[in-house]
Amino acid sequence: MRKNVFIKTYGCQMNVYDSARMADVLAPLGYGAVASPDTADMVILNTCHIREKAAEKVFSELGRLHQLQEERAAQGKRLVLAVAGCVAQAEGAEIARRAPYVDMVFGPQSYHRLPDMVARLGRDSGLVLETEFPVEDKFDNLPTPRHQTGPAVFLTIQEGCDKFCTFCVVPYTRGAEFSRPVADVIAEARQLVRGGAREITLLGQNVNAYHGVGPNGAAVGLGDLLRRMADEVDGLERLRYTTSHPRDVDDSLIAAHRDLDILMPYLHLPVQSGADGILAAMNRGHTAGDYRRIVARLREAQPNLAMSSDFIVGFPGESDADFEATMTLIREVGYAQAFSFKYSPRPGTPAATHDAPVPEAVKTARLAQLQALLGDQQRAFNQSFLGQTVSVLLDRPGRHRGQVAGRSPYLQPVQVAASPDLIGTIARVAIDEVLTNSLTGRLTAPSATGVSAA
Ligand code: 5AD
Ligand code: SF4
């Protein structure tokens, strides 16, 4: 009998990928994916634990779903509620306590075990909990990817993190660093391209720490993997990777930015702070000077490179001068886009017990100042495209009738006056309007393809 599953994804792109793979695992059990909880027999919240707000959102969503679950029960029907992802991993017991109506709780390393968990649901009463790090490799136990179709897709090549930045929960929720073998990555990439992908974003919490086993048994780094992808995956036209750590940017990776046309000239490289004392307290393992030098070398290799980053303001002990150092770094580097957050103590992380918290009002003021600067930079970056021609991978229907939407090499959303038949192609687009968060343009040649940067 056909059943419906609604998977709601929070947080990072790795979760987007994981949600698609969960749908792959559930398909043979008769579950089809639906886009809302209204007709669902099972709802899975694929959660994020990185910041306090992200975790709290899950509990409020669970409250709403509980009401739906009770309405169903009144009609004699069952709505299975599941919490997956990093909140499940970190707060399994807390979920059971605060939301005892939840049926399944499982961490990111366990979703290949879903068939067994679903079977247990029918058999046993009570919560099905899977938050151990299993000994078997989940990637070896997952079906062929099917639920990620479309021109721009994700491919997880690395998981976990051994860096232990003092603010971060990832080493605890995603576990130790693990890289998938090169052959598996290439095989999955070919499969995705056969399914219509033109652009692949390689994912990892620490993607440039990648060290997968290569064909001759030796470890291969990310720079080499990118080269192999460019050579060996026919039909692939765009390549990206995220998220990187400054400490793992090596010569081979920098050279890949110089040599590979299909590697998009856009890099998300979190720095978190521009003050060396704070970077040390964060256990980042690099200074602001190291970061500046890395960016300079990358830009020498790829002069079109646009940068993105993550920033945390109000880390314990952050002084006005420390904050100013971050502002100076931002002015010097110049960002096309960035994410910035107020520091929030995460239970179990070393920084959470730090004794020099920054007052909330100071955090708020610093964040506003930082975001104003980053916003100005982003607007100026986008504005520089007015009148330019960019290549756009058209991947979805547009905002208005007669429009198709896609992404520029710099990940800018672009609305293009074009026929939906062109979805899945790379078009040359003349930009004639710049809005706050997107560009608008028209085709320069009806079905032209090409991957050149702006
Ligand atoms: N507080 C605030 N921001 C955080 N991040 C991670 N942990 C915290 C925290 N405890 C931010 C970092 C990271 C991004 C994914 O989330 O900037 O790069
Ligand atoms: Fe978290 Fe630092 Fe690892 Fe990134 S590098 S996942 S911020 S511990």
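Reading the values: the criteria
- Counting of residues starts from 1 at the beginning of each chain's written sequence and follows it residue by residue.
- For this description, chains carry letters from A and ligands carry numbers from 1, given in the order in which they are written.
- Two thresholds apply to this predicted model, a pLDDT of at least 70 for residue-level local features and 80 or more for giving and counting side-chain atom pairs, whereas whole-chain, interface and lining totals are computed over all residues.
- The basis for every side-chain value is the complete set of heavy atoms in the structure, and neither hydrogens nor water enter the calculation.
- Both cavities and pockets are sets of points on a 1 Å grid over the protein atoms alone; in a cavity a 1.4 Å probe fits but cannot get out, in a pocket the set is open with protein on both sides within 12 Å along at least five of seven lines, and lining residues sit with an atom within 4 Å of a point.
- Grid points are joined across faces, edges and corners, and a volume is the space filled by probe spheres set on the points.
- Put simply, DSSP H or I for four residues or longer makes a helix, DSSP E for two residues or longer makes a strand, and each gets a number counted from the N terminus.
- Boundary definitions for the domains trace back to an automatic or database domain assignment.
- Whether two residues touch is decided by their heavy atoms; if any such pair falls within 4.5 Å, the residues are in contact.
- We define buried area as the total accessible area lost by two parts upon association, computed with a 1.4 Å probe and summed across both.
- The salt bridge definition used is simple: a Lys or Arg side-chain nitrogen within 4 Å of an Asp or Glu carboxyl oxygen.
- Any pair of nitrogen or oxygen atoms within 3.5 Å is treated as a polar contact; in protein, a donor-acceptor pairing is required on top of that, and neighbouring residues in sequence qualify only through side-chain atoms on both sides.
- Three classes are used: nonpolar for Ala, Val, Leu, Ile, Met, Phe, Trp, Tyr, Cys and Pro, charged for Asp, Glu, Lys and Arg, and polar for all others, with Gly counted as polar.
- A single heavy atom is enough: if one lies within 4 Å of a molecule or strand, its residue is considered near that molecule or strand.
- The accessible surface values rely on the Shrake-Rupley method and a 1.4 Å probe; as for residues, cover is taken only from the protein chains in view.
- Disulfides are defined as pairs of cysteine sulfur atoms found within 2.5 Å of each other.
- Accessible area is worked out with a 1.4 Å probe on protein chains only. A residue is then buried under 20% of its type maximum, exposed over 50%, and partly exposed in between.
- Each axis is a line fitted through C-alpha atoms, and for a helix only the stretch in contact is used; angles between axes span 0 to 180 degrees, taken between their N-to-C directions.
- If an angle is under 35 degrees, it is roughly parallel; if it is over 145, roughly antiparallel; if it lies from 65 to 115, roughly perpendicular; otherwise it is oblique.
- Left-handed describes a crossing in which the near helix is turned anticlockwise from the far one by less than a right angle; the clockwise case is right-handed.
- Here, nonpolar core means buried Ala, Val, Leu, Ile, Met, Phe, Trp, Tyr and Cys residues that are tied together by side-chain atoms lying within 4.5 Å of each other.
- Being paired, for any two strands, means DSSP has found at least two bridges between them.

Draft legend 1. Spotlight on empty space enclosed by the protein. Considering all chains together, one arrives at one cavity of 30 Å³ or more under this definition. Looking at the largest cavity, its volume works out to about 40 Å³. Around the largest cavity, the lining residues are Leu239, Arg240, Tyr241, His257, Leu263, Met264, Tyr266 and Leu267. Secondary structure elements with two or more residues in the lining of the largest cavity: β13 (238–242) and β14 (266–268). Ranked by the residues each element gives to the lining of the largest cavity, the list is headed by β13, at three residues.

Draft legend 2. Expanded view of the domain arrangement of the protein chain. Looking at the protein chain, the domain boundaries give domain 1 (3–130), domain 2 (138–383) and domain 3 (389–443). If you average the C-alpha positions of domain 1 and of domain 2, the two centres end up 28 Å apart. Contact with domain 1, which involves 24 residues of that partner, is made by 30 residues of domain 2. Overall, the association of domain 1 and domain 2 removes approximately 2,500 Å² of surface from exposure, summing both partners, and the carbon and sulfur fraction of that is 60%. Considering only the surface of domain 1 that becomes buried against domain 2, Met14, Tyr17 and Arg21 emerge as the three largest contributors, covering 26% of it. Our count for the contact surface shared by domain 1 and domain 2 stands at two salt bridges. Where arginine 21 meets glutamate 188, a salt bridge forms, and the shortest distance between an N and an O atom there is 3.6 Å. If you look at where domain 1 meets domain 2, you find nine residue pairs in polar contact (both at pLDDT 80 or more). Ranked by the residues each element gives to the side of domain 1 that touches domain 2, the list is headed by helix α1 (residues 13–26), at 11 residues. Partitioning the side of domain 1 that touches domain 2 into residue classes produces 13 nonpolar, six polar and five charged.

Draft legend 3. Focus on the site of ligand 1. Within the structure, ligand 1 sits among Ile50, Arg51, Phe167, Gln272, Asp310, Ile312, Phe341, Lys342, Tyr343, Ser344 and Arg346. Note that a nitrogen atom of ligand 1 is positioned 2.7 Å from one of the backbone N or O atoms of serine 344. Alone, ligand 1 offers 400 Å² of accessible surface; in the complex the protein occludes 88% of this. Residue assignment for the shell around ligand 1 shows that the elements contributing at least two residues are β15 (306–313) and β16 (337–342).

Draft legend 4. A look at the state of the cysteines. Tallying each qualifying case throughout the model produces zero disulfides. Here cysteine 86 stays free of any disulfide, with the sulfur of cysteine 48 as its closest cysteine sulfur at 6.6 Å. By relative accessible area, cysteine 86 is classed as buried at 9%.

Draft legend 5. Geometry of the packing of helix α6 (residues 182–194) against helix α7 (residues 222–232). Interhelical geometry of α6 versus α7 gives an angle of 40 degrees and a closest axis separation of 11 Å. Here α6 is positioned oblique relative to α7, judged by the angle of their axes. For the element pair α6 and α7, the recorded crossing hand is right-handed. Where α6 approaches α7, its residues Val182, Val185, Ile186, Ala189 and Arg190 are matched on the opposing element by Leu225, Arg228, Met229 and Glu232. Tallied by class, the residues present in the contact of α6 with α7 amount to six nonpolar, no polar and three charged.

Draft legend 6. Region of interest: the nonpolar core. Core analysis: the largest hydrophobic core is formed by 53 residues, its most contacted members being Ile200, Leu202, Leu222, Leu225, Leu226, Met229 and Tyr335. Ranked by residues supplied to this core, first place goes to α6 with six residues.

Draft legend 7. Main features of the sheet that holds β14. An order of β14-β15-β16 is seen for the three strands of this open sheet, with the pairing classed as parallel. The outermost strands of the open sheet, each flanked by one partner alone, are β14 and β16. Taken over all neighbouring pairs, the strand axes of this sheet differ in orientation by 10 degrees on average, direction set aside. Bridge analysis of β15 against β16 gives six bridges, and the strand direction is parallel.

Draft legend 8. Expanded view of the environment of arginine 346. Mapped onto the fold, arginine 346 is located in the loop between β16 and α12 (360–383). A relative accessible area of 3% means that arginine 346 is categorised as buried. Distance from arginine 346 to isoleucine 50, taken between C-alpha atoms, is 7.8 Å for residues 296 residues apart in sequence. Arginine 346 has contacts with His49, Ile50, Arg51, Glu52, Ala55, Phe167, Val169 and Ala352, leaving out every residue within four places of it along the chain.

Draft legend 9. Quick peek at the site of ligand 2. By nearness alone, every residue bordering ligand 2 is listed as Cys161, Lys163, Phe164, Cys165, Phe167, Cys168, Val170, Pro171, Asn206, His245 and Arg284. Tallied by class, residues from the shell around ligand 2 come to seven nonpolar, two polar and two charged.

Draft legend 10. Spotlight on the sheet that holds strand β20 (residues 426–434). Strand order in this closed barrel of five strands is β17-β18-β19-β21-β20, and the pairing throughout is mixed. In this sheet, neighbouring strand axes are inclined to one another by 55 degrees on average, regardless of whether the strands run parallel or antiparallel. Both β20 and strand β21 (residues 439–443) contribute to a ladder of five bridges, which runs antiparallel. Across the sheet, residue valine 434 finds its bridge partner in β21, namely leucine 439.

Draft legend 11. A look at the packing of α1 against helix α4 (residues 114–123). The N-to-C vectors of α1 and α4 enclose an angle of 60 degrees; their axes lie 9 Å apart at closest approach. With respect to their mutual orientation, α1 and α4 come out oblique. On α4, the residues that touch Met22, Val25 and Leu26 of α1 are Leu114, Pro115 and Val118. Residues belonging to the contact of α1 with α4 are distributed by class as follows: six nonpolar, no polar and no charged.

Draft legend 12. Region of interest: unusual backbone geometry. For the peptide bond that leads from threonine 242 to threonine 243, omega is 0 degrees, which places it in the cis range. Structurally, threonine 243 can be placed in the loop between β13 and α8 (251–259). Positive phi, normally seen in glycine, also occurs at phenylalanine 164, with a value near 55 degrees. By the element assignment, phenylalanine 164 lies in the loop between β8 (158–159) and α5 (170–173). A positive phi angle is found at leucine 411, which is not glycine, with a value near 65 degrees. Within the fold, leucine 411 resides in the loop between β18 (403–407) and β19 (413–417).

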